[in-house]
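Descriptive analysis of the structure
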Amino acid sequence: QVQLVESGGGSVQAGGSLRLSCTASGSIFSINFMGWYRQPPGKQRELVAAITGGGSTNYADSVKGRFTISRGNAKNTVYLQMNSLKPEDTAVYYCYARITTTTPPSDYQFWGQGTQVSVSS
């Protein structure tokens, strides 16, 4: 099995910064895609930023220029550096991964447990 473990959420004032991390572990053959989604109170979950196995990145328009997604050297950890945070960034942030597992050999989607980010004005 595969687990995604997140860390780094918290509460900050507007204009502040936070860094989220997510580490995948378990029966991993390859990580094809990792990303961060968020779900604001009363709203649907939305993609914030993503990085493919090849290193290509994608961002929601609302976070471009403020958030940066990156990977660790081992490529099983993804980071989300969030700068210039706004109250509208308040949400539960979820790590997401599409992984080819070794046992059984197949592609699966995995979600982290979620971490709260709260930005006050």
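One structure accompanies this document, and this report is about it. (Residues numbered from 1 in each chain as written. Predicted model: local features only at pLDDT ≥ 70, side-chain atom pairs only at ≥ 80, totals over all residues. Heavy atoms only, no water.)

**Regarding the overall build of the protein**
Within the protein one finds zero helices and 11 strands. Start at the N end of the protein and walk to the C end: the helices and strands fall as β-β-β-β-β-β-β-β-β-β-β. The C-alpha radius of gyration computed for the protein amounts to 14 Å, which stays within 12% of the reference 14 Å derived for 121 residues, consistent with globular compactness. Projected onto its principal axes, the C-alpha coordinates of the protein cover approximately 45 × 25 × 20 Å. Per-residue burial over the protein gives 41% buried out of 121 residues. Long-range pairs, those at least 24 residues apart, make up 55% of the contacts in the protein between residues at least 6 apart in sequence. Taking the 10 positively charged and 6 negatively charged side chains of the protein as two groups, their mean positions are separated by 4 Å. (Helix = DSSP H or I, 4+ residues; strand = E, 2+ residues; numbered from the N terminus. Rg over C-alpha atoms; globule rule 2.2 N^0.38 Å. Buried < 20%, exposed > 50% of the residue type's maximum accessible area, 1.4 Å probe, protein only. Contact = heavy atoms within 4.5 Å. Lys, Arg positive; Asp, Glu negative; His and termini not counted. Charge placed at Lys NZ, Arg CZ, Asp CG, Glu CD.)

**Here we look at the sheet that holds strand β1 (residues 2-7)**
With antiparallel pairing, the four strands of this open sheet are ordered in space as β1-β3-β8-β7. Both edges of this open sheet fall to β1 and β7 (67-71), since each of them pairs with a single strand only. Ignoring strand direction, the axes of neighbouring strands in this sheet form an average angle of 15°. Summarising the sheet, β1 and strand β3 (residues 18-26) pair through six bridges and their orientation is antiparallel. Paired with Q3 across the two strands is S25, which belongs to β3. (Pairing = 2+ DSSP bridges. Axes fitted to C-alpha atoms, helices over the stretch in contact; angles between N-to-C directions.)

**Examining the side chain of R66**
Residue placement: R66 occurs in the loop between β6 (57-59) and β7. Given a relative accessible area of 11%, R66 falls into the buried group. Setting aside residues no more than four positions away along its own chain, R66 makes contact with Q81, M82, N83, S84, L85, K86 and D89.

**Structural notes on the state of the cysteines**
For the structure shown, the criterion picks out one disulfide. Note on cysteine connectivity: C22 is disulfide-linked to C95, with sulfurs 2.1 Å apart. Judged by the torsion about the S-S bond (-85°), the C22/C95 disulfide is left-handed. On the criterion of sequence distance, the pair formed by C22 in strand β3 and C95 in strand β9 (residues 91-101) is long-range, its members being 73 residues apart. (Disulfide = S-S within 2.5 Å.)

**With respect to the environment of P40**
Along the chain, the position of P40 falls in the loop between β4 (28-39) and β5 (46-52). Not counting residues up to four positions away in its chain, the partners in contact with P40 are T90 and A91.

**Here we look at the pattern of salt bridges**
Applying the stated rule across the entire model yields four salt bridges. Of the charged contacts in the structure, one is a salt bridge between D89 and R38, with a shortest N-O distance of 2.9 Å. Here D89, found in the loop between β8 (77-82) and β9, pairs with R38, found in strand β4; they are 51 residues apart in sequence, far enough to count as distant. Note on accessibility: D89 and R38 belong to one class, buried. (Salt bridge = Lys/Arg side-chain N within 4 Å of Asp/Glu carboxyl O.)

**Quick notes on the nonpolar core**
Ranked by size, the top nonpolar core spans 29 residues in total, and within it M34, W36, L80, M82 and Y93 carry the most contacts. Elements represented by at least two residues in this core include exactly β1, β3, β4, β5, β7, β8, β9 and β11 (115-120). A total of five residues in this core trace back to one element, the largest contributor, which is β9. Filtering out sequence-adjacent residues up to four positions away, L80 remains in contact with L18, R19, L20, W36, V48, A49, F67, T68, I69 and Y93. (Core = buried A, V, L, I, M, F, W, Y, C linked by side-chain atoms within 4.5 Å.)

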